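Understanding the architecture of this molecule
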Amino acid sequence: MVYVTRAGMVRVGRHYEKGPRDLAFEAVREALSHVDADSIDYLVVASSMSYLQSPQLDLAAYIASSLGVHVKSALAVEAGENSGLAAVEVGVNLIRAHAAEKVLVVGVDKLTDYQSNPTYEMLEAIYDTESDAVYNIGHAAPLALLMRMYMEKYGVDRETLAYWPALMHAHAKENPYAMLRFAIKPEKVASAMPIAEPITLLDAYPLGDGAAAVLLSSEDAKGDHLAKITSVASAVGTPSIALAEDPLSLDAVAKLASELNIASEKIDVVEIHDSFTITGILILESLGLAPRGKAAELVASGHFSADGEGPLVNASGGLKARGNPIGATGVYMVAELALQLAGKFPGVRRDGAEKGLAVGVNGHGSSARMIVLEKA
């Protein structure tokens, strides 16, 4: 068994005065309070944008040195927006293979060292650089086409879809680690500044810097644990919307949901990759947590709220309002879920939560990862 023993996070925001190592230090300091750092075997670092904005090879070793952590080995993991969950997956596998008893996983990324235009150009690398990134019509435009297709196919109006970002902001308002800690009304979403019709500014995630850390331990490692990791799964998906058999279903997510039998499991808390409103809606349906064409309606009815009948979704505020520090996001998800299951999350909670699910995707679904956690 693999346990999440400690968790630490930095509030997602614009940390102009801090570099990746500074942010990593803050997250690790919070995670490792009252823990013997010298007992850690491996350091696994997840990062994506930092390689493009502040080029540094062998990043994990340099972060280990700057942290003063005397680990046996340090390695870096890069999988685009899925880097954080991929790093946790590596840490879990190291423990399961008996190569380590304690693994420190750190996710860190910087998105504000440059102005928005060059940052968005760098973000093109999330997509296929030999096709979609070359002829891309913008980050939001392909999702706008999907949202329009979704609305027309299922007869869902724009006002109903606006309840997703409103719910995310309501959750983020209570999360001290979130970037956008303010409430918005659904009727403000459609009238906000358009990005790619029908997507507006309030449908999209903000650019922010962040770092999160989790300490993974084996069954033999002594100490109290926040949660245990029971399943880890990953899949490669369709690299482009244009190649998808069904653009309104994320095939890699659906495959993993079937493999882990998510639809029939009693999941209490979920953190999903909602880079845009429509992404969150499609992930809920691809998971089987909502019927096709009904997720937006269920969100509007409060089904996925703290006191709703369904699982509590994105108590953190999600990518939409907690923020999306790209390579670090998956580590945030695992930290947030572990704290939820331990009854220690400092925001909106699901009382008595027993099981949690983290779901990450890269780009338009080139890869997907899922991690299932249970109360320790």
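In case you missed it, the structure is sitting above this.
The text that follows walks through the structure, step by step, so that each part is easy to find. (Residues numbered from 1 in each chain as written. Predicted model: local features only at pLDDT ≥ 70, side-chain atom pairs only at ≥ 80, totals over all residues. Heavy atoms only, no water.)

Looking at the overall build of the protein chain
Heads up, the rule is: Secondary structure elements are defined from DSSP: runs of H or I of at least 4 residues count as helices, runs of E of at least 2 residues count as strands, and each element is numbered from the N terminus. Throughout, radius of gyration means the C-alpha value; the globule benchmark is 2.2 Å times the number of residues raised to the power 0.38. Note on classification: 1.4 Å probe, protein chains only; a residue is buried when its accessible area is under 20% of the maximum for its type, exposed when over 50%, partly exposed between these limits. Note on definitions: a residue-residue contact is assigned when non-hydrogen atoms from the two residues lie within 4.5 Å. For the accessible areas, the method is Shrake-Rupley and the probe is 1.4 Å, while residue cover comes only from the protein chains on display.
Check the secondary structure of the protein chain and you find 14 helices and twelve strands. Taken against the 2.2 N^0.38 rule, which gives 21 Å for 376 residues, the C-alpha radius of gyration of the protein chain at 19 Å falls within 12% of a compact globule. With the C-alpha coordinates aligned to their principal axes, the bounding extent of the protein chain is approximately 55 × 45 × 35 Å. Every one of the 376 residues in the protein chain was classed for burial, and the buried ones make up 61%. Residue pairs in contact within the protein chain that sit at least 24 positions apart in sequence constitute 78% of those at least 6 positions apart. Split by element, the accessible area of the protein chain, about 14,600 Å² in all, is 50% carbon and sulfur.

Brief notes about helix H10 (residues 251–260)
Residues three or four positions apart in an α-helix share a direction because the helix packs 3.6 residues into each turn. We count it as follows: Directions drawn from the helix axis to the C-beta atoms are what define this arc.
Of the residues making up H10, those classed as buried are Ala-252, Val-253, Leu-256, Ala-257 and Leu-260. Buried residues of H10, viewed axially, fall in a sector of 135 degrees; they line one side. In H10, the exposed positions that point more than 90 degrees away from the buried face belong to Ser-258 and Glu-259. Buried residues belonging to H10 abut strand S8 (227–236), helix H11 (277–287), strand S11 (355–362) and strand S12 (367–375). Backbone geometry just after H10 places Asn-261 at a positive phi near 55 degrees.

Side note on a nonpolar patch on the surface
Cut-off, in case you're wondering: Here the term patch refers to residues with relative accessible area over 30% and no salt bridge, with like charges joined within 9 Å and nonpolar side chains (Val, Leu, Ile, Met, Phe, Trp, Tyr) within 5 Å. Salt bridge, as applied in this entry: a Lys or Arg side-chain nitrogen positioned within 4 Å of an Asp or Glu carboxyl oxygen.
A contiguous nonpolar surface patch, about 290 Å² in accessible area, is contributed by Met-193, Ile-195 and Leu-201. Topologically, Ile-195 is positioned in strand S5 (residues 194–196).

What about unusual backbone geometry?
Of the consecutive residues Glu-197 and Pro-198, the connecting peptide bond is found in the cis state with omega at 10 degrees. Structurally, the position occupied by Pro-198 is in the loop between S5 and strand S6 (199–200). Despite not being glycine, His-98 shows a phi value in the positive range, around 60 degrees. Residue Ile-326 is not a glycine yet carries a positive backbone phi of 35 degrees. With relative accessibility at 0%, the residue Ile-326 sits in the buried group.

Some points on the sheet that holds strand S7 (residues 210–218)
To keep it simple, the criterion reads: Strands pair, by our definition, only if DSSP identifies at least two bridges between them. To obtain an axis, a line is fitted to C-alpha atoms, over the contacting stretch when the element is a helix, and the angle between two such axes runs from 0 to 180 degrees between their N-to-C directions.
Reading across from one edge, S3-S2-S4-S7-S1-S8-S12-S11-S9-S10 is the order of the ten strands in this open sheet, with mixed pairing throughout. At either margin of the open sheet sits one strand with a lone partner, and together these are strand S3 (73–77) and strand S10 (312–313). Relative to S7, strand S1 (residues 2–9) runs antiparallel, the two sharing seven bridges. Bridging from a neighbouring strand, Arg-6 pairs with Leu-215 of S7. Against the sheet, helix H3 (residues 59–67) engages strand S2 (42–46), S3 and strand S4 (102–109), with an angle of about 120 degrees to S2. The sheet contacts of helix H4 (residues 83–96) involve S1, S2, S3, S4, S7, S8, S11 and S12, and relative to S8 the element is tilted by about 120 degrees.

What to know about the layout of surface pockets
Counted only if it meets this: Points on a 1 Å grid over protein atoms alone make up a cavity when a 1.4 Å probe fits among them but cannot get out, and a pocket when they form an open set with protein on both sides within 12 Å along at least five of seven lines; lining residues each have an atom within 4 Å of a point. Grid points are joined across faces, edges and corners, and a volume is the space filled by probe spheres set on the points. Any residue outside Ala, Val, Leu, Ile, Met, Phe, Trp, Tyr, Cys, Pro, Asp, Glu, Lys and Arg is labelled polar, Gly included; the first ten of those are nonpolar and the last four are charged.
Taken as a whole, the largest pocket spans an internal volume of roughly 380 Å³. Tyr-120, Ile-195, Leu-201, Ala-204 and Tyr-205 are, among the 20 residues lining the largest pocket, the residues nearest its centre. At the level of elements, helix H5 (116–123) and S5 are the ones that each hand at least two residues to the lining of the largest pocket. Of the residues belonging to the lining of the largest pocket, the class tally is 15 nonpolar, three polar and two charged. Of the voids in this model, the second largest pocket is the one considered here, and its volume is about 330 Å³. Along the wall of the second largest pocket there are 26 residues; nearest its centre are Ile-241, Leu-250, Gly-363, His-364 and Gly-365. At the level of elements, helix H6 (141–154) and H11 are the ones that each hand at least two residues to the lining of the second largest pocket. Counted by class, the lining of the second largest pocket contains 13 nonpolar, nine polar and four charged residues.

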